[in-house]
Amino acid sequence: MPGSSQAGSYTIDFCNVTVTYGHEGWNDTINVHAWLPAASSWNGRLQALGGGGYSASFGPLYTTQAVANGYVAIDTDAGHVMGTDAAQSPKDWALASPGNVNIFLLEDFASISLHEMAVIGKAVANAYYGTQPSYSYFEGCSGGGRQGLMIAEKFADDFDGILAVAPAINIEDFIPAGYWANQVMNDLGVFPQPCEFPAFTQAAIAACDGLDGATDGIIALPDLCKFNPNDIVGQTFSCEGTQQNFTQAGASIVKAVWDGFQSADGNIGWFGLNKDALLSTYINTKCSSNGTCSPAISDLLSGWLRYFIVKDPSWDPKSMTDTQLSSYIQESGQQYHAMLSAADPDLSNFRAVGGRMITWHGLADEAIPPNGTIAYYQKVLALDSKADDFYRVFEAPGVGHCIGGNGPIPNDAFDKLVAWVENGVAPDTLAATYTNGTSRNLCPYPLQQVYLSGEYNNSASFACQPRTEQGTPASELPFFNSS
């Protein structure tokens, strides 16, 4: 399931219904899929599953397990190809023609198809079982997390509970800004070997791992980590069994990932990744047999610029100047913030209808800087100081994007959401586990996980305590509201 490391094999008995429709004059064709378990197996609930990247859903990857758990499972393709490959690039649907974004499909992807999925899914369930679902839930990670927040902000009546993991809110900002490190690398004209980048990450972990008192391979308090990659230039690291030296170019490129992009006046840009996150989404290279290396640019990042900003499938990002990138980032916010950001902190309608929502975000996320989620929740709390009565955000130290990393993952987050919606039991913590048996309790913001004493794999060795802010709160940084 989205944001869960649990997987398995399932044998399911279900009715597969696909509803195909479009909007007059839009030339779109949208498919809503509903998988309905046998009446004897139905738990009376509906569960909608979100997508990721440029895909609105992932189909059987998630719906299979939802049906196995007794839920009516629904998703939408938002009018274009879905799946893990489609998540990496919008090339198949973004442009109506060169120079013209397919604004109708983008509107479908942004929000419209989400509400329609809920309406259609509930109607199909009612027609099949003769009754409406007792409770309806939405679960998604990454792009699916953005979908969840969009639903809470715009369609508050659609779902009783929402699990929005590692949400891709402000996608119009963090995706183009994430290209910055590639731009620095192209400016330098130096392309380090791929092994140098994770070596910098390991050096950062070695320097900052123990800041919380626990030396466990996790930077649990990333705000305290002041490690500077420039400080180890010239030192050696192991690359596939050979000793190499950290380079100045490598340090500059990695620092660009960690610092994030900011314009000369500091007014536009986005947060960087935390220093124990993998770097391969933001920067990577590939090398030939003679040792010559070149950029291996992520379609996830360059695709946004190519299709939604430059609007030219043949555009080569290596031709871009720093000034152009700065302009493109600003243009992206101006054009797409209102449609796509899902970052409206006013959740009063969701509160009013009794909705409940949980977000958790891995602090070692390699795709979406977690400070964007923290900044958003800070703004939610600024508008409604008691927002934690219905919406809680949890930080997951060491966890990567949706899953992965060195930290324990809260696989029970969805069950906690159901208990909150149906029994009124608000989650004070989320129980998280790792493959080696380590267990931790994730803390609701603004509390943070702090090591006390004892074995690192025992949740009782850690506690949730008030955080000590380091510098300016994320939501008050000058670029956060640039859109």
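Just above sits the structure.
Small disclaimer: the values here were computed from a predicted structure and weren't measured.

## A few points about helix α8 (residues 299-310)
Spacing of three or four residues puts side chains on the same side of an α-helix, whose turn is 3.6 residues. With twelve residues, α8 extends just 14 Å between its outermost C-alpha atoms, more than 12% less than the 16 Å of an ideal straight helix rising 1.5 Å per residue. Looking at α8, one finds that the buried residues are Leu300, Leu301, Ser302, Gly303, Trp304, Leu305, Arg306, Tyr307, Phe308 and Ile309. Packed against the buried residues of α8 are β5 (95-97), β6 (100-101), α2 (103-129), α4 (171-177), α5 (180-188) and α9 (322-340). With its phi angle positive at about 65°, lysine 311 sits one or two positions after the end of α8.

## Regarding the packing of α2 against helix α3 (residues 143-154)
At a closest axis distance of 10 Å, the pairing of α2 and α3 adopts a crossing angle of 60°. Viewed along their axes, α2 and α3 adopt a mutual orientation that is oblique. Viewed along their axes, α2 and α3 form a crossing whose handedness is right-handed. Across the interface between the two elements, Phe109, Ala110, Ser111 and Leu114 of α2 pack against Arg146, Gln147, Met150, Ile151 and Lys154 of α3. Split into classes, the residues belonging to the contact of α2 with α3 amount to five nonpolar, two polar and two charged.

## Quick word on the state of the cysteines
Using the criterion set out here, one finds five disulfides in the structure. Here cysteine 208 pairs with cysteine 225 through a disulfide, and the sulfurs are 2.0 Å apart. Taking the sign of the torsion about the S-S bond as the criterion, the disulfide between cysteine 208 and cysteine 225, at about 70°, is right-handed. In this pair, cysteine 208 sits in helix α6 (residues 196-208) while cysteine 225 sits in the loop between α6 and β9 (236-239), placing the two residues 17 residues apart along the sequence. Side by side, cysteine 208 and cysteine 225 carry an identical accessibility label, which is buried. Sequence-ordered numbering of the bonded cysteines in the protein chain gives a pairing of 1-8, 2-5, 3-4, 6-7, 9-10.

## Quick word on the pairing of strand β15 (residues 430-433)
The two faces of a sheet get side chains in turn, since along a regular strand they alternate between them. Where burial is concerned, the two faces of β15 differ: the one with Leu430 and Ala432 is buried and the one with Ala431 and Thr433 is not. Pairing analysis gives four bridges linking β15 to strand β16 (residues 439-442), with the strands arranged antiparallel. The partner of alanine 431 across the bridge, within β16, is asparagine 441. The antiparallel hairpin formed by β15 and β16 contains five residues in its connecting segment, where glycine 437 sits at a positive phi of about 95°.

## Describing empty space enclosed by the protein
Enumeration according to the criterion identifies two cavities of 30 Å³ or more in this entry. Looking at the largest cavity, its volume works out to about 70 Å³. If you go around the largest cavity, the residues you meet are Ala220, Leu363, Glu395, Pro397, Leu442, Cys443, Leu447, Gln448 and Gln449. Sorting elements by how many residues they give to the lining of the largest cavity places strand β17 (residues 447-451) first, with three residues. Classifying every residue of the lining of the largest cavity by side-chain character gives six nonpolar, two polar and one charged. Estimates place the volume of the second largest cavity at around 50 Å³. Mapped onto the lining of the second largest cavity, the elements with two or more residues apiece are α5 and α7 (248-259).

About the criteria used
- Residues numbered from 1 in each chain as written.
- Predicted model: local features only at pLDDT ≥ 70, side-chain atom pairs only at ≥ 80, totals over all residues.
- Heavy atoms only, no water.
- Helix = DSSP H or I, 4+ residues; strand = E, 2+ residues; numbered from the N terminus.
- Expected span 1.5 Å × (residues − 1).
- Buried < 20%, exposed > 50% of the residue type's maximum accessible area, 1.4 Å probe, protein only.
- Contact = heavy atoms within 4.5 Å.
- Axes fitted to C-alpha atoms, helices over the stretch in contact; angles between N-to-C directions.
- Parallel < 35°, antiparallel > 145°, perpendicular 65-115°, else oblique.
- Left-handed = near helix turned anticlockwise from the far one by under 90°.
- Nonpolar A, V, L, I, M, F, W, Y, C, P; charged D, E, K, R; others polar.
- Disulfide = S-S within 2.5 Å.
- Pairing = 2+ DSSP bridges.
- 1 Å grid on protein atoms, 1.4 Å probe; cavity = no way out; pocket = protein on both sides within 12 Å on 5 of 7 lines; lining within 4 Å.
- Points joined across faces, edges and corners; volume = space filled by probe spheres on them.

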